[in-house]
Amino acid sequence: MTAQPFTATVTGSPRIGPRRELKRAIEGFWAGRTSRSELESVAAALRRDTWSDLAGAGLDSVPVNTFSYYDQMLDTAVLLGALPARVAHLSDELDRYFAAARGTDEVAPLEMTKWFDTNYHYLVPEIGPGTQFTLHPGKVLAELKEALAQGIPARPVLIGPLTFLLLSKPVDGAGAPIERLDEVVPLYSELLSLLAGAGAAWVQLDEPVLVTDMHAGAAALAERVYTTLGSLTDRPGIHVATYFGDPGAALPALARTPVEAIGVDLVAGGGAPVAAIPELAGKLVVAGIVDGRNVWRTDVEAALSRLATLLGSVGNLAVSTSCSTLHVPYSLALETSGALDDNLRSWLAFGAEKVREVVVLARALREGRDAVADEIAASNAAVASRRSDPRLHNEQIRARIDTLMASGTKRGNAAERRESQNARLHLPPLPTTTIGSFPQTPAIRKARAALRNGEIDREEYERRMKTEIAEVIALQERLGLDVLVHGEPERNDMVQYFAEQLDGFFATDNGWVQSYGTRCVRPPILYGDVSRPHPMTVEWITYAQSLTGKPVKGMLTGPVTILAWSFVRDDQPLADTAYQIALAIRDETVDLERAGIAIIQVDEPALRELLPLRRAEQDAYLQWAVGAFRLATSGVSDSTQIQTHLCYSEFGEVIGAIAELDADVTLIEAARSHMEVLDDLNQAGFSNSVGPGVYDIHSPRVPSTDEIANSLRAALRAVPAERLWVNPDCGLKTRTVDEVTASLRNMVAAAAQVRADI
Ligand code: GLN
Ligand code: ZN
């Protein structure tokens, strides 16, 4: 086989639709409003438009099979016959697929977790003793055929066998899924020959797992697998794509195999030592130089000089994105409201603009710089404008941070803090509280939409929100909770709410990005120095506090979480940006304290999420992440209680950092990990108060009083009563008022029951 080298491509592209057409079609299908054939035609139209946009822009190799009705890992499980047995009774393929993705009344869905260090979530395939791998290539063959019929230079994309197995989880006592590698590789061989027969010149196998430390032998396994696949005679050209970091030892390992092309992420991976690997002289290196997961315009001049240094050491060079543009919005052209000023717009590139950047760079390599002189001039102008924009550098903020960091951000002794807080708060043992949000009722959603459409003014909107707050306070008083919250009705999203009020952030109109399945988020763009022009929460919280004699918590999002769920500037270290956000949050805590608020919760659910993929980089991250939290929370007096909330993850790797946060109270998701987290915290030397979530809010199920009381008794084996709090495991905004009322009633009763025994 001799695959013609390509010169310009992307690793993958978004699929939800520029106007979230696929989301609407799928949700309509689930609700029975959209027929199957309507759904299929929306999907086919999106694929067709995506491919023609990519090819039309000038890519000479176009990824296909990156479309998905839900998730690419789930698609791979289907491809390899590895759906769980519990959905096998469903005879229809699509029903089976969605049952595995979302569950039904009878069957639980697959677990969902973060795709590497991105904010995309994949479904975790389950590999058990009953799993019998068999090939089901219908989807990829059909999409290839569609694309070829459209005249597209199609390159089917598949998740590679190592990434698939290493991200899967063993069930029913099975060993690690990777032990089944030798059963899976023959299916990939068979698939490659089918794809060749169907007319694919190239195939892309994604192996992002090679940039992590998940498996010590991964590089050697990659060499073995790709030697096997590369030795087939009847196959397309093989492109192994690594992304999200430096492939390290896997790069020379792949270079020693017969595969024709290897992709490297030159953005997250830094300078891959391409010149040091002689075997790359015989390969097509697919250079991921255009950032596929952040929104900044490429500096064409700088990119060209990096590419030029690679040219001499590789056989052929193709220009690409660093990873799939699944992680950025579709196009800047959709930002039409006028909120985006010309300067800021000139610094940005979303999915469509990134494709054009790839094409420009490839053209410059082929025809010389002069062929793209206009594009270079425009890029240089954008670079200069960004560098000189006053919004990017606020001396006063930087000086304040330096001073505060120099004087130290440690609070007083933790035990003494507890004493002075107890004296102020007069709480019973095992105090009950919640994580912050209460149900987002139809009335709240209606008020938000009415404000957006101009049907009501800000004053009327605020009046309606205050009505909601009053109801939530009254409900909590009726239920007998000890520490109340205002319920967060005024917040569309826990990050966006703050981003909209802070300087240095821009909130897009249509910058939607798939988070999982049909769920999309609109991360704000953090482009400049962050500062807080005015208090952000004080009015709402003091209003809530005015309605009750019980303490109401101030409720803030922490610096690491704001950072993790935004597109972040790339012109300074993340740590510097984190400290700036921390300073703004600190100013807010000081204002809340001054307004008489005695407890302030600073949420950090994303603490684990930003943890670097390579162990060698993790300590440095944890150090600044903890530093930022402490900067944010050390401005208040020792008698003001700082709480934090953590969720969405296995905390094992960051447990030491959780202790280091030194929050007075840590409310932590634990309902699903059965209190193991308490033992882990003890081992890490944690000695502050803790509220392990006593029930799972992700399920509509109402936990019984006995069940909660039992889990409290279990917690008391690990934590003394004077340090134990009682709370659900996360915010309540996705639940109904009835579910929340019933669950919290049982939670308060369980706390009373256990209090009586101690
Ligand atoms: N305070 C937020 C809420 O209750 C926390 C959300 C979260 O943990 N993601 O909704
Ligand atoms: Zn949570």
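Residues numbered from 1 in each chain as written. Chains lettered and ligands numbered in written order. Predicted model: local features only at pLDDT ≥ 70, side-chain atom pairs only at ≥ 80, totals over all residues. Heavy atoms only, no water.

K.L.:
Help me understand the coordination of the zinc ion (ligand 2), please; the structure alone is not making it clear to me.
P.N.:
Tetrahedral coordination by four donors sets the ideal angle at the metal to 109.5 degrees; octahedral coordination by six donors sets it to 90 or 180 degrees. Only His645 (NE2), Cys647 (SG) and Cys730 (SG) from the protein reach the zinc ion (ligand 2) as donors, at distances of 2.1 to 2.3 Å. Every donor counted, the four donor atoms about the zinc ion (ligand 2) form angles of 92 to 127° at the centre, which fits tetrahedral coordination. Read in sequence order, the donor residues for the zinc ion (ligand 2) give the motif H-x1-C-x82-C. Within this pair, whereas His645 is found in strand β19 (residues 641-646), its partner Cys730 is found in the loop between α25 (705-718) and α26 (737-757), the two being separated by 85 residues in sequence. (Donors = N, O, S within 2.8 Å, 3.2 Å for Na, K, Ca; no water. Tetrahedral: all angles 85-135°; square planar, octahedral: opposite > 155°, others 65-115°. Helix = DSSP H or I, 4+ residues; strand = E, 2+ residues; numbered from the N terminus.)

K.L.:
Looking at this model, I keep getting lost on the layout of surface pockets. Mind explaining?
P.N.:
To find leftover empty space, a probe the size of one water molecule is rolled over the atoms. The calculated volume of the second largest pocket comes to roughly 1,500 Å³. If you go around the second largest pocket, you meet 50 residues; those closest to its centre are Val267, Ala268, Asp291, Arg293 and Asn294. Among the secondary structure elements, those contributing two or more residues to the lining of the second largest pocket are β10 (284-290), α10 (300-311), β13 (513-516), α20 (559-564), β17 (567-568) and α22 (618-633). Broken down by class, the residue content of the lining of the second largest pocket amounts to 28 nonpolar, 10 polar and 12 charged. (1 Å grid on protein atoms, 1.4 Å probe; cavity = no way out; pocket = protein on both sides within 12 Å on 5 of 7 lines; lining within 4 Å. Points joined across faces, edges and corners; volume = space filled by probe spheres on them. Nonpolar A, V, L, I, M, F, W, Y, C, P; charged D, E, K, R; others polar.)

K.L.:
Explain the site of ligand 1 here, please?
P.N.:
Around ligand 1, a shell composed of 13 residues is seen, among which Ser437, Glu488, Asp603, His645 and Gly731 lie nearest. Interatomic distance of 2.8 Å between a side-chain N/O atom of Glu488 and a nitrogen atom of ligand 1. At 2.6 Å, a side-chain N or O of Asp603 approaches a nitrogen atom of ligand 1. When isolated, ligand 1 has an accessible area of 300 Å², and the protein chains bury 96% of it. Of the residues in the shell around ligand 1, the class split is seven nonpolar, four polar and two charged. (Near = heavy atom within 4 Å. Polar contact = N/O pair within 3.5 Å; in protein donor to acceptor, adjacent residues only side chain to side chain. Areas by Shrake-Rupley, 256 points an atom, 1.4 Å probe, with all protein chains shown as cover.)

K.L.:
It is not clear to me how the packing of aromatic side chains should be interpreted in this structure. Could you clarify?
P.N.:
With the rule as written, the count across this model stands at 14 aromatic pairs. Their ring planes at 80° and their centres at 5.1 Å tell us that Phe6 and Trp202 sit as a pair that is edge-to-face. Here Trp202 lies in strand β7 (residues 202-206) and Phe6 lies in the segment before α1 (21-30), a separation of 196 residues in the sequence. You can call Trp202 buried: its relative accessible area is 6%. Here the aromatic rings of Trp347 and Tyr527 are separated by 6.2 Å at their centres, their planes lie at 55°, and the arrangement is tilted. With Trp347 in helix α11 (residues 342-347) and Tyr527 in strand β15 (residues 525-531), the pair connects residues that are 180 residues apart, well separated along the chain. We classify Trp347 as buried; its relative accessible area is 1%. (Phe/Tyr/Trp six-rings, centres within 6.5 Å; stacked < 30°, edge-to-face > 60°. Buried < 20%, exposed > 50% of the residue type's maximum accessible area, 1.4 Å probe, protein only.)

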